[in-house]
Amino acid sequence: MSMQIVNPGLLTTIQDKGRFGFQQQGVIVSGAMDTFALRAANVLVGNEENAAALEVTLMGTVIRFEADSLISICGGNLSPTIEGEPVPLWRPLLIKEGSTLEFGPCRSGARAYLAVAGGIDVPPVMHSRSTYLRAEIGGHEGRALKAGDQLGFGLPSDTADGYMKTRQAALRAKRWLAAEWFMGNEALPAYAKDPVIRVIRGREYDAFTEESQTAFVTRTFRITPQSDRMGYRLQGEKLAFKESLETLSEAVSFGTVQVPPEGNPIVLMADRQTIGGYPRIAQVITADLPVLAQAKPGDGIRFAEVSLQEAEELYIRKELEFEQLTRAIKLYLKAR
């Protein structure tokens, strides 16, 4: 089974959860920007949650399927259609051989994740299929997808295979079929336009003036067009240090908020570097990284401080909820 990229759109890459264990050699983690949407898309089609999927950015991607396939689309609403008919997000979809899936205008969010039963079959590099564009490794030939690329799939799980077989007869008369059940809004991250992003204090928080500390959690910052998968450059009230500050380069992570000398914060994202030398005023909590990943240039974001204990409790709660969700989806796939 395979699919062909007819139009890659603005930016479409193959991603999984990332490339871990090599930062000491300077190899970044990379991976999906919105890991919740990636994981959800995979479990909806019976995959392991780390299977390789497509990350589609903003608009324009067109894909033709060369065989009947079980797919799901999660994350941002990029107006997906199959043969011109709008299709729903956050549920399994059967698409017929020869049909074309197209992503149109961005209605909400910034990135959609397309998973196929069996996962996208590309060779792993350092235990990951994620595309690291700057180093040209992973994914499909280490690059963004382009028109004419052919992508094969792995073998669907027994659950997905059984689900597809029970619907083959119904699919003959249609171009696509959607499952009757889906992931409801209560199961999703708090996606929103101009979101409030929760943070804990960074290591150099006390090096900033009281006025800057207050401004950081009371003022709106705008994501600039210079933002990408490596980091979001923000514009708003400039943050100032109490005195001139020089720091050693130290480890950074997804969601680290650095402040360079000119005072405009940078939030590090999936393709972040392994170390950084700018002072760190805050760290976005793990539970809110998917929400941040769906923000796009021009959007405003505000920060709200929480304690480390609150951040840990939120993370544990979200992971338990996802585990329960995964079990429920597996039951639905088997039962229907």
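What counts, and where the lines are drawn
Residues numbered from 1 in each chain as written. Predicted model: local features only at pLDDT ≥ 70, side-chain atom pairs only at ≥ 80, totals over all residues. Heavy atoms only, no water. Helix = DSSP H or I, 4+ residues; strand = E, 2+ residues; numbered from the N terminus. Contact = heavy atoms within 4.5 Å. Buried < 20%, exposed > 50% of the residue type's maximum accessible area, 1.4 Å probe, protein only. Core = buried A, V, L, I, M, F, W, Y, C linked by side-chain atoms within 4.5 Å. Axes fitted to C-alpha atoms, helices over the stretch in contact; angles between N-to-C directions. Parallel < 35°, antiparallel > 145°, perpendicular 65-115°, else oblique. Left-handed = near helix turned anticlockwise from the far one by under 90°. Nonpolar A, V, L, I, M, F, W, Y, C, P; charged D, E, K, R; others polar.

A. Region of interest: the environment of Pro 88. Along the chain, the position of Pro 88 falls in the loop between strand 7 (85-86) and strand 8 (93-95). Aside from chain neighbours lying at most four places away, what touches Pro 88 is Leu 93, Trp 176 and Ala 178.

B. Layout of unusual backbone geometry. The phi dihedral of Trp 90 falls on the positive side, at around 65°, and the residue is not glycine. Tracing the sequence through the fold places Trp 90 in the loop between strand 7 and strand 8. Unlike most non-glycine residues, Asp 194 shows phi in positive territory, near 50°. Its relative accessible area of 38% is what places Asp 194 among the partly exposed residues.

C. Geometry of the nonpolar core. Core analysis: the largest hydrophobic core is formed by 85 residues, its most contacted members being Met 3, Leu 54 and Phe 65. Tallying contributions element by element places helix 1 (residues 35-44) first for this core, with seven residues. By size, the runner-up hydrophobic cluster in this structure holds six residues, among which are Ile 285, Val 306, Ala 311 and Leu 314.

D. Here's a closer look at the packing of helix 1 against helix 6 (residues 308-335). The N-to-C vectors of helix 1 and helix 6 enclose an angle of 20°; their axes lie 9 Å apart at closest approach. In terms of their interaxial angle, helix 1 and helix 6 are classed as roughly parallel. You can see that helix 1 and helix 6 cross each other, and the crossing is right-handed. Taken together, the residues of helix 6 that come into contact with helix 1 (itself represented by Phe 36, Arg 39, Ala 40, Val 43 and Leu 44) are Glu 319, Phe 322, Thr 326, Ile 329 and Leu 333. Each residue belonging to the contact of helix 1 with helix 6 can be placed in one class, and the counts come to seven nonpolar, one polar and two charged.

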